[in-house]
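Coordinates in review
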Amino acid sequence: LAAIASCRFGNQAVPGTVTGSSIVCATPAVKVFGVAQTGATVSMAVALDGQHFICTPSARNDNGTDTNGNCTFVYYAPISVLSVTSSAGATYGGLTVQVTGRNFFAYPEASCKSG
């Protein structure tokens, strides 16, 4: 029998694909009473056989450091950009650019990219 990799977000299981030492899954939409939820935190686990789900509370990220994961996933509303100020600047860089929008949230690895 072939292994059936799966990820479970809350009580919703979705198919997964094993790629090397990882399982890749697309998150399902989260709804409570039929309404999309923002900020909803759900438990998360993986299974190689589609039945026996496990959670590894501490994992290593791509650079080899501990992520201290807690086997949860947080859903956020999609962000939207309303405006960008300073849309042009000198070639040597350093100009401050302000991005204004909706549903931004504090994320330590947030960044801007141009080009």
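Residues numbered from 1 in each chain as written. Predicted model: local features only at pLDDT ≥ 70, side-chain atom pairs only at ≥ 80, totals over all residues. Heavy atoms only, no water.

Scanning the protein chain for helices and strands turns up zero helices and nine strands. Counting from the amino terminus, the protein chain carries its helices and strands in the arrangement β-β-β-β-β-β-β-β-β. Looking at the protein chain as a whole, 15% of its 115 residues are labelled buried. Counting only contacts in the protein chain whose residues sit at least 6 apart along the sequence, the fraction spanning at least 24 positions is 43%. A total of about 9,100 Å² of accessible surface is found on the protein chain, and carbon and sulfur atoms cover 55% of it. (Helix = DSSP H or I, 4+ residues; strand = E, 2+ residues; numbered from the N terminus. Buried < 20%, exposed > 50% of the residue type's maximum accessible area, 1.4 Å probe, protein only. Contact = heavy atoms within 4.5 Å. Areas by Shrake-Rupley, 256 points an atom, 1.4 Å probe, with all protein chains shown as cover.)

With that settled, the discussion passes to the confidence of the model for the protein chain. Per-chain confidence: the protein chain averages 78 in pLDDT, with 76% of residues scoring 70 or above. Strand E5 (residues 35-36) is the least confidently modelled element of the protein chain, averaging 56 in pLDDT, while strand E1 (residues 6-9) averages 91, the highest of any element. (pLDDT = per-residue confidence, 0-100.)

What follows is about unusual backbone geometry. Despite not being glycine, asparagine 103 shows a phi value in the positive range, around 65°. Mapped onto the elements, asparagine 103 comes out in the segment after strand E9 (98-102). The exposure class of asparagine 103 is partly exposed, given its relative accessible area of 42%.

What follows concerns the state of the cysteines. Across all of its chains, the model carries two disulfides by this definition. Each disulfide pairs two cysteine sulfurs, and for cysteine 7 the partner residue is cysteine 25, the sulfurs being separated by 1.9 Å. As the torsion about the S-S bond is roughly 70°, the cysteine 7-cysteine 25 disulfide counts as right-handed. One end of the pair, cysteine 7, is in strand E1; the other, cysteine 25, is in strand E3 (residues 22-25), with 18 residues separating them in the sequence. Across this residue pair, the class does not change: cysteine 7 and cysteine 25 are buried. Between cysteine 55 and cysteine 71 runs a disulfide, and the two sulfur atoms are separated by 1.3 Å. The chirality of the disulfide connecting cysteine 55 with cysteine 71 is right-handed, given an S-S dihedral of about 85°. Taken together, the residues cysteine 55 in the loop between strand E6 (41-47) and strand E7 (72-74) and cysteine 71 in the loop between E6 and E7 connect sequence positions 16 residues apart. Under the relative-accessibility criterion, cysteine 55 is labelled partly exposed at 35%. Judged by its relative accessible area of 17%, cysteine 71 is buried. (Disulfide = S-S within 2.5 Å.)

Our next topic: the packing of aromatic side chains. Under the counting rule described, the total for this entry stands at two aromatic pairs. Both rings, one in phenylalanine 9 and one in phenylalanine 73, keep their centres 5.4 Å apart while their planes meet at 80°; by these two values the pair is edge-to-face. Remark: phenylalanine 73 occurs in strand E7 and phenylalanine 9 occurs in strand E1; sequence separation between them is 64 residues. Consider the rings of phenylalanine 73 and tyrosine 75, whose centres lie 5.0 Å apart with planes at 80°: the pair is edge-to-face. Assessed through its relative accessible area of 10%, tyrosine 75 is described here as buried. The rings of Phe9, Phe73 and Tyr75 are connected pair by pair, giving a single aromatic cluster. (Phe/Tyr/Trp six-rings, centres within 6.5 Å; stacked < 30°, edge-to-face > 60°.)

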